[in-house]
Amino acid sequence: MSEVWLTNLGSIIISREKSFTIVPLRQQRAMQTLLLLILTLTIRLACSSPPLDPVACSNGMSDCTVTNANGYFPDRSICRAANAVYPHTEEELVTAVAAAAAAKRKVKVATRYSHSFTKLTCPGGRDGTIISTRWLNRTVRADAEKQLVTVESGMALRDLIQVAAAAGLCLPNSPYWSAVTIGGLLATGAHGSSLWGKGGAVHEHVVGVRIVTPAPASEGFAVVREIGADHPDLDAVKVSLGVLGVISQVTLALEPLFKRSVTFVTRDEPSDLAEQVAAWGGLHEFGDVAWLPHQRKVIYREDNRVDVSTPGNGLLDFPAFWSLPAHEIVAARVEEERLEEGNGGTDAAARCSAAQRSAEALDRLGRGYTNDGVSFTGYPVVGYQHHMQASSACVDSPEDGVESACFWDPRLRGPSLYNPAFSVALSKAPSFLADVRRLRDLNPSAFCVLHGAMGVSMRFVRASSAYLGKPEDCVAVDVAYYRSRTGGVPRAHADVVDELEQMALRKYGAVPHWGKSRNFAFDGAIARYPKAGAFLEVKERYDPDGIFSSEWSDQVLGIKGSPCVVEKGCAIEGLCVCSEDSHCAPELGYFCRPGKVYAEARVCRFEAGATLVNDEL
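These figures come from a predicted structure and were not determined experimentally. Along every chain, residues carry numbers that run from 1 in the direction the sequence is written. In view of the model being predicted, local features appear only for residues whose pLDDT reaches at least 70, and side-chain atom pairs are presented and counted only at 80 or more, with totals across whole chains, interfaces and linings using the full set of residues. Only hydrogens and water are removed before side-chain values are computed, so all heavy atoms of the structure are retained for them.

What follows deals with the sheet that holds strand 13 (residues 259-268). Criterion used throughout: strands pair if DSSP finds at least two bridges between them. Helix and strand definitions here come from DSSP, where helices need a minimum of 4 consecutive H or I residues and strands a minimum of 2 consecutive E residues; each element is numbered from the N-terminal end. Strand order in the open sheet made by the eight strands is 19-13-15-14-23-24-22-26, with antiparallel pairing throughout. Of all strands in the sheet, those with a lone pairing partner are strand 19 (381-384) and strand 26 (511-512), marking the two edges. Two elements, strand 13 and strand 15 (residues 297-306), share ten bridges in a ladder whose sense is antiparallel. By the bridge assignment for strand 15, valine 262 is matched with aspartate 303. Contacts were defined at the residue level, with two residues in contact if any of their heavy atoms lie within 4.5 Å. Every angle, taken between N-to-C directions, lies between 0 and 180 degrees, and every axis is a line fitted to C-alpha atoms, over only the stretch in contact when it is a helix. Strand contacts of helix 11 (residues 494-507): strand 22 (421-425) and strand 26, with the helix running at about 45° to strand 22, the strand carrying the most contacts.

This is the structure we're talking about:
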C-alpha cells in the first residue's frame, strides 16, 4: 500500500514524542465523533500483529486463496489457486516454475505483504500456482566501491535501505511506504518524487536482474535469464506487471549516503496554483505538493540534499503507519460509516470539519518527522537519507494476538478506502489542475470526501526508458476516499471524484498506477504507452504459452477483452464508466449523468426526488 494517511482512521494522534494520546471529540455532531478516540496511552505501542500472509491454504500448500493487504480487490472477488510454493533459493524457484510450465499451469507471484490493489497476483480459476517470494529475502552482495547492491526480489524496501546504509550507500528515491518488496515495486513501477537525476522511480536505478522464465522441455521447462545493464530486454523486465516470469535477484546502482533537509510549508491556495505545481518539481529535488481543495490550502514540501556535515539526526515515522489498538481501529470504522452512510452522506459541514481537523493534527505532529528520532521541534528536519525516506512501523513489531495492528488489517474490518493514482504529463498538468479547480468551485464541500490530510497529493516522476514506465515527465496524482464494505453502496459526492479521475485519464491522457487504480482506469490505457508493442514482443519470447498471464493481465495489456465489468451497479464500484442508469444505483437516487466541467465524463450523481423509470430497475 502506497500513501495511506492518518485521516483514513478518522483519528487524531496528538503526541510529538514516543508517547501519544488519542483524543475523542465527543460532541453531538458526526464531525466530532469521527475525530475519536477516548483512550490515553502513556507509551507508544511497542508491539503489533504483523499482517497475515496474503496467501492462505486450507490443505497444506493446496486449495489456496490469495488477496492483498486490504483483504479485497476492486471487484470484491476472491482469487483462488490449486497450490502455493515458497522457494527459499533460486534453485527451488526454478523447480517451481518448471513444474508449473510442464503442466501448463498458470502462475502468479505473491509478495510478503501484497500492497497492490489490483489483481496482479490472481492466476485465474482454481488450477493455478502461487509462488511466494517471502523467503527470497537475502542480500546477495553489497559492493561499496562500485556502489552496487544485489538483493533477492522478496526483500522488503526497508531492509534494502538498511543494507545499503551499512555499506555507506543509499537509494536516492523510493516510495514513502517501506514495506513493499523489491520485486513487487518493480512490477508496478512504484516511485517517490523527483524530476532530478534519474527521477523518482526505483526501477531507474536497476542495472541487473535475474529472472526465471518458462522454457521448452529440452531446457528443463525453466531457465534463469541474466539481464545486465546493457541488455536490450532490461527496459521490459524492470516494470513487468509480473507477466514475464519470477524475478529472483535485482542489482541496483546506488549513491553515497547523504543527508536531506525537509520543511513543509502550508499556504493559502494561490491564484497561479496550476503553474506553481508544475514548477515545484524543478525547484526541490524531492519536493511534492498536497492540495486541500476544500480548505483552499496547499502544503508544499521543500525537500533537498544538504551537506553531510549539516547538524541533524531526523527520522520519519509516519503516524498512519503506527500500530493502533484493535478496538479503536474498529471504532474508527463505525464512525466513518456513520458519517458516510448513516446520514446519507449529506452532512457536508461535518465531513469538512473532520477533514480540516485531521489535517491540522497531522501538521502538529510534524507529519511524522522528528528532529532527533524522539521529538518534533520544528522545521527544517535534517537527517540521513535512510532515516528520512520511508517508514512502515506497524509491520515490524512482534505478534500481540491482534490486540493492535496496521489500521487497514482486514482481520479487524477497520477503515476501508480507495486509493487510485494516475500520472498526468507535466506539460498538461496546469490545464488539468485548472479544470479540477473549476470543478471544485462548483461545490467546494464535495471535495471534503477526499481524506483531509491528503487531499490531492502530487509527486513528480521523470520519463522512463522502461516500456511500461512513465511515458513523459509527469505529475503523479494520488487521492483517497471512502469505500463501503458492502457492494453497490454509493459514496457521497462520488460523481465529483469520478469526474476528476475521468478527466485526467480521458481528457488529459493520464496513465493509471499499475498497482492502485480501479478497473475502469485501465480500459484502453495501454495505448498511451508508445513502447507497449516492444514489451509484448519480449513477453511473447519469455512466456509464449502465457503461463504468467491471466485474464486480468491480458485485459490490461490490451491483448484480449476489457478490464471493465459492465453490470448492474458497476460504476459505483469503479468497475465501469456508466452508460445507463442501472450501472449506478437508481433505486437509491443515483443516476448516470454527464460531468459538470468535463461533459464527456459519465458519473453516478445523486438527484433527490428524481423519478425512476420502471424499466431502469
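Let us now look at the confidence of the model for the chain. Looking at the chain, the pLDDT average stands at 90 and 90% of residues meet or exceed 70. The predictor's confidence in any single residue is recorded as pLDDT, a number from 0 to 100. Note that residues 1-46 has pLDDT below 50 and, in this model, 163 contacts with residues that lie over four places away or in other chains. Note on residues 613-617: pLDDT under 50 across the span, and six contacts to partners over four residues away in sequence or across chains.

Along the chain, aspartate 554 falls in helix 13 (residues 551-556). Relative accessibility decides the category of a residue: with a 1.4 Å probe and only protein chains considered, values under 20% of the type maximum give buried, values over 50% give exposed, and everything between is partly exposed. As used throughout, the charge tally considers Lys and Arg to be positive and Asp and Glu to be negative, leaving His and the chain termini uncounted. Salt bridge, as used here: a side-chain nitrogen of Lys or Arg that lies within 4 Å of a carboxyl oxygen of Asp or Glu. For the buried aspartate 554, no salt bridge is present, and the opposite-charge side chain at shortest range is lysine 539, 4.5 Å distant.

Spatially, five strands are ordered 6-7-11-9-10 in an open sheet, and the strand pairing comes out antiparallel. At either end of the open sheet lies a strand with only one pairing partner, and these are strand 6 (139-143) and strand 10 (222-227). Pairs of neighbouring strands in the sheet enclose a mean axial angle of 10°, with direction left out of account. Summarising the sheet, strand 9 (residues 206-214) and strand 11 (residues 246-253) pair through six bridges and their orientation is antiparallel. Paired with arginine 210 across the strands is glutamine 249, a residue of strand 11. Helix 2 (residues 90-102) rests against strand 9, strand 10 and strand 11 of the sheet, and its axis sits at about 40° to strand 9.

Next up on the list: the packing of helix 10 (residues 429-442) against helix 11. Running from amino to carboxyl end, helix 10 crosses helix 11 at an angle of 160°, the nearest separation of the two axes being 11 Å. Taken together, the axes of helix 10 and helix 11 are roughly antiparallel relative to one another. Relative to helix 11, helix 10 is oriented so that their crossing is right-handed. Along the contact surface, helix 10 presents Phe432, Asp435, Val436 and Leu439, while helix 11 presents Val496, Glu499, Leu500, Met503, Ala504 and Lys507. Tallied by class, the residues present in the contact of helix 10 with helix 11 amount to seven nonpolar, no polar and three charged. Our angle categories are set so that under 35 degrees counts as roughly parallel, over 145 as roughly antiparallel, 65 to 115 as roughly perpendicular, and the remainder as oblique. Helix crossings are classified by the rotation of the near helix relative to the far one: an anticlockwise turn of less than a right angle makes the crossing left-handed, while a clockwise turn makes it right-handed. Residues are grouped as follows: nonpolar covers Ala, Val, Leu, Ile, Met, Phe, Trp, Tyr, Cys and Pro; charged covers Asp, Glu, Lys and Arg; every other residue, Gly included, is treated as polar.

Aromatic ring pairs are reported here in terms of the distance separating the ring centres and the angle at which the planes meet. Pairing of aromatic rings covers Phe, Tyr and Trp, the last through its six-membered ring, and needs centres within 6.5 Å; plane angles under 30 degrees mean stacked, over 60 mean edge-to-face, and all others mean tilted. Under the counting rule described, the total for this entry stands at 17 aromatic pairs. Between tryptophan 514 and phenylalanine 522, the aromatic rings sit 6.1 Å apart at their centres with planes inclined by 15°, giving stacked as the arrangement. Across the pair, exposure class does not vary: tryptophan 514 and phenylalanine 522 are buried alike. Measuring from centroid to centroid gives 5.2 Å for tyrosine 590 and phenylalanine 606, while their planes differ by 50°, and the two rings are tilted. Of the two residues, tyrosine 590 sits in strand 27 (residues 590-594) while phenylalanine 606 sits in strand 28 (residues 602-606), which places them 16 residues apart along the sequence. Relative accessible area serves as the criterion here: at 10%, tyrosine 590 is assigned to the buried category. The class for phenylalanine 606 is partly exposed, based on a relative accessible area of 44%. One aromatic cluster is present, built from ring pairs that chain together Trp177, Phe318, Phe321, Phe407 and Trp408.

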